[in-house]
Amino acid sequence: MRILGIETSHDDTSIAVLENGKVLDLWTISQIDIFKEFGGTIPEIASREHVKNINLLQEVLFNKYDKNSFDYIAYTNEPGLMGTLQIGYLFASALSISLNIPLIPINHLHGHLLSASIDSEIKFPALCLLVSGGHTQLIFAKNYEDFKIIGQTLDDAVGEVFDKISSKSGLGFPGGKIIDSIYQNYQGEFIEFTKPHTENELDFSFSGLKTQVLNYINSQKMKNIPIDIKQVVASFQKTAIDYLCFKTKLALEKYNVKTLILGGGVSANSLLRTEFLKLHSNTIIPNLKYATDNAAMIAQVLHLRLKHKNKD
Ligand code: KG4
Ligand code: ZN
């Protein structure tokens, strides 16, 4: 069973070939270098880049694989940027018509949720912490398809706050990786930021944390006190990761699960990866190449669904 995965929900054009659950190939063209200069994604430019990149990837794909060797196409249909999703859909649907194989829409978040399962098996029920540029959620998964959100951010997503703090501090975009590498080299003391309170104890408020950090920078500037920006962003990372782990622990007290899963672009964070593994005896985290947006995780969702269906 060979599945072609296609992902275009944001600023990565990605194609993957998955055969019986094994990733044979994963090609991704990122637009980060273009959007670095703008300090954020510009949807119109992203769409144009996807058109160009998907054509390049198509050539690479069909140079290596026989067109008739695919059984299914899995593509990201939501959530994401409207224009870039449309490009993925049009490409996928044209291929599915010409190859006469089924076209299956996949939710991008389900891809992140199940990305760790490419290398490790998930035993259900499972709890997932999904952390990306657009989402911060705690999800209770009964099986491969039945997902319930039990906690989520009431405002900003954690990845978005990494990006905003980095941009506002003049460190660059996207901020997650930049702040993470500063944290890894930082040896000094940390500033104590407080963890925002929420009414539902499994929800998050990252806007509150962002405001504290930005207010700290502004107030030091107003008082003409020199700021150690590395200390500020390293302290932010420490608080943000503590906060994510603290909420995950609360969820584990309420829900008895067999697997704890991490997913989404922020799962590339070094501190989160280390701390998260300590939270449960059976914790799985995605391989770094499947942490940020990629088509392998999209194909994997379909693979698990088909495998599960065949077992029933
Ligand atoms: O899942 P993803 O690739 O795209 C979305 O679906 O949003 O996540 C991108 C987010 C960005 O906000 C980026 O700054 C963050 O993931 N990110 C990280 C790290 N690497 C990427 N955040 C913290 N630490 C990292 N090492
Ligand atoms: Zn994503």
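If you're wondering where the values come from, they're calculated on a predicted model, not measured in any experiment.

### A short note on the coordination of the zinc ion (ligand 2)
Protein-derived coordination of the zinc ion (ligand 2) comes from His 108 (NE2), His 112 (NE2) and Asp 293 (OD), at a distance range of 2.0 to 2.1 Å. All donors to the zinc ion (ligand 2) come from one chain, and their sequence spacing reads H-x3-H-x180-D. Residue His 112 is found in helix H4 (residues 108-114), and its partner Asp 293 is found in the loop between strand E10 (283-284) and helix H10 (296-311); the two are separated by 181 residues along the sequence. Both residues of the pair, His 112 and Asp 293, belong to the buried class.

### What to know about the pairing of strand E7 (residues 136-141)
Here E7 lies mainly inside the structure; six of its six residues are buried. Taking every second residue as pointing to the same face, both faces of E7 are buried, with Thr 136, Leu 138 and Phe 140 on one and Gln 137, Ile 139 and Ala 141 on the other. Alignment of strand E6 (residues 126-131) against E7, held across six bridges, turns out to be antiparallel. Looking at E7, one finds that Val 131 is bridged to Thr 136. What sits between E6 and E7 in their antiparallel hairpin is a turn of four residues. Across five bridges, the pairing between E7 and strand E8 (residues 147-152) is antiparallel. Paired with Ile 139 across the strands is Ile 149, a residue of E8.

### Looking at the sheet that holds strand E3 (residues 22-30)
Across the sheet, five strands lie side by side as E3-E2-E1-E4-E5; this open sheet has mixed pairing. The two strands at the open ends of the sheet, each matched to only one other strand, are E3 and strand E5 (103-107). With strand direction ignored, the average angle separating the axes of adjacent strands in the sheet is 20°. Of the pairings in the sheet, the one linking strand E2 (residues 12-19) to E3 comprises eight bridges and is antiparallel in character. Its bridge partner lying in E3, Thr 13 is registered against Ile 29. The strands that helix H3 (residues 82-99) touches are strand E1 (2-7), E2, strand E4 (72-78) and E5; relative to E4, the one it contacts most, it runs at about 160°.

### Quick look at the nonpolar core
Ranked by size, the top nonpolar core spans 44 residues in total, and within it Leu 129, Phe 206, Phe 236, Leu 244 and Leu 272 carry the most contacts. Of all the secondary-structure elements, those providing two or more residues to this core are E6, E7, helix H5 (158-168), helix H6 (175-185), helix H7 (206-222), helix H8 (229-254), strand E9 (259-263) and helix H9 (270-276). With 12 residues, the top contributor of residues to this core is H8. Once residues lying within four places of it in the same chain are set aside, the contact partners of Leu 272 are Leu 129, Val 131, Ile 241, Leu 244, Cys 245, Leu 262, Val 266 and Ser 267. Counting 33 residues, the second largest nonpolar core, distinct from the first, contains Tyr 72, Ile 106, Ile 118 and Leu 130.

### Re the site of ligand 1
Around ligand 1, the surrounding shell holds 16 residues, and the nearest of these are His 112, Gly 133, Asp 163, Gly 265 and Asn 269. Broken down by secondary-structure element, the contributors of at least two residues to the shell around ligand 1 are H4, H5 and H6. Sorting elements by how many residues they give to the shell around ligand 1 places H6 first, with three residues. Grouping the amino acids of the shell around ligand 1 by side-chain chemistry returns two nonpolar, 10 polar and four charged.

### Focus on the packing of H6 against H8
Any two packed helices are characterised by how steeply their axes cross, that is the angle between the axes, and by the distance between the axes. Interhelical geometry of H6 versus H8 gives an angle of 100° and a closest axis separation of 9 Å. Classified by the angle their axes make, H6 and H8 are roughly perpendicular. Contact with H6, carried on its side by Ile 179, Asp 180, Ile 182 and Tyr 183, involves Lys 230, Val 233, Ala 234, Phe 236, Gln 237 and Lys 238 of H8 and no other residues of that element. Classifying every residue of the contact of H6 with H8 by side-chain character gives six nonpolar, one polar and three charged.

### Regarding helix H2 (residues 43-64)
The end-to-end C-alpha distance of H2, which contains 22 residues, comes to 31 Å, matching closely the 32 Å that a straight helix rising 1.5 Å per residue would cover. Every buried residue of H2 is listed here: Ala 46, Ser 47, Glu 49, His 50, Asn 53, Ile 54, Leu 57, Leu 61 and Phe 62. Each element contacted by the buried residues of H2 is listed here: E1, E2, E3, helix H1 (32-36) and H3.

### Looking at the pattern of salt bridges
In a structure, side chains of opposite charge can pair up when their charged atoms sit close to one another. Counted according to the given criterion, the structure contains 10 salt bridges. Of the charged contacts, one joins Asp 242 and Lys 238 as a salt bridge, the two residues approaching to 3.8 Å between their closest N and O atoms. With Asp 242 and Lys 238 both in helix H8 and four residues apart, this pair spans about one turn of that helix. Overall, Asp 242 belongs to the partly exposed group, its relative accessible area being 32%. With relative accessibility at 29%, the residue Lys 238 sits in the partly exposed group. Of the charged contacts in the structure, one is a salt bridge between Glu 275 and Lys 278, with a shortest N-O distance of 2.9 Å.

Calculation criteria
Residues numbered from 1 in each chain as written. Chains lettered and ligands numbered in written order. Predicted model: local features only at pLDDT ≥ 70, side-chain atom pairs only at ≥ 80, totals over all residues. Heavy atoms only, no water. Donors = N, O, S within 2.8 Å, 3.2 Å for Na, K, Ca; no water. Helix = DSSP H or I, 4+ residues; strand = E, 2+ residues; numbered from the N terminus. Buried < 20%, exposed > 50% of the residue type's maximum accessible area, 1.4 Å probe, protein only. Pairing = 2+ DSSP bridges. Axes fitted to C-alpha atoms, helices over the stretch in contact; angles between N-to-C directions. Contact = heavy atoms within 4.5 Å. Core = buried A, V, L, I, M, F, W, Y, C linked by side-chain atoms within 4.5 Å. Near = heavy atom within 4 Å. Nonpolar A, V, L, I, M, F, W, Y, C, P; charged D, E, K, R; others polar. Parallel < 35°, antiparallel > 145°, perpendicular 65-115°, else oblique. Expected span 1.5 Å × (residues − 1). Salt bridge = Lys/Arg side-chain N within 4 Å of Asp/Glu carboxyl O.

Read these as geometric descriptors, not functional statements.
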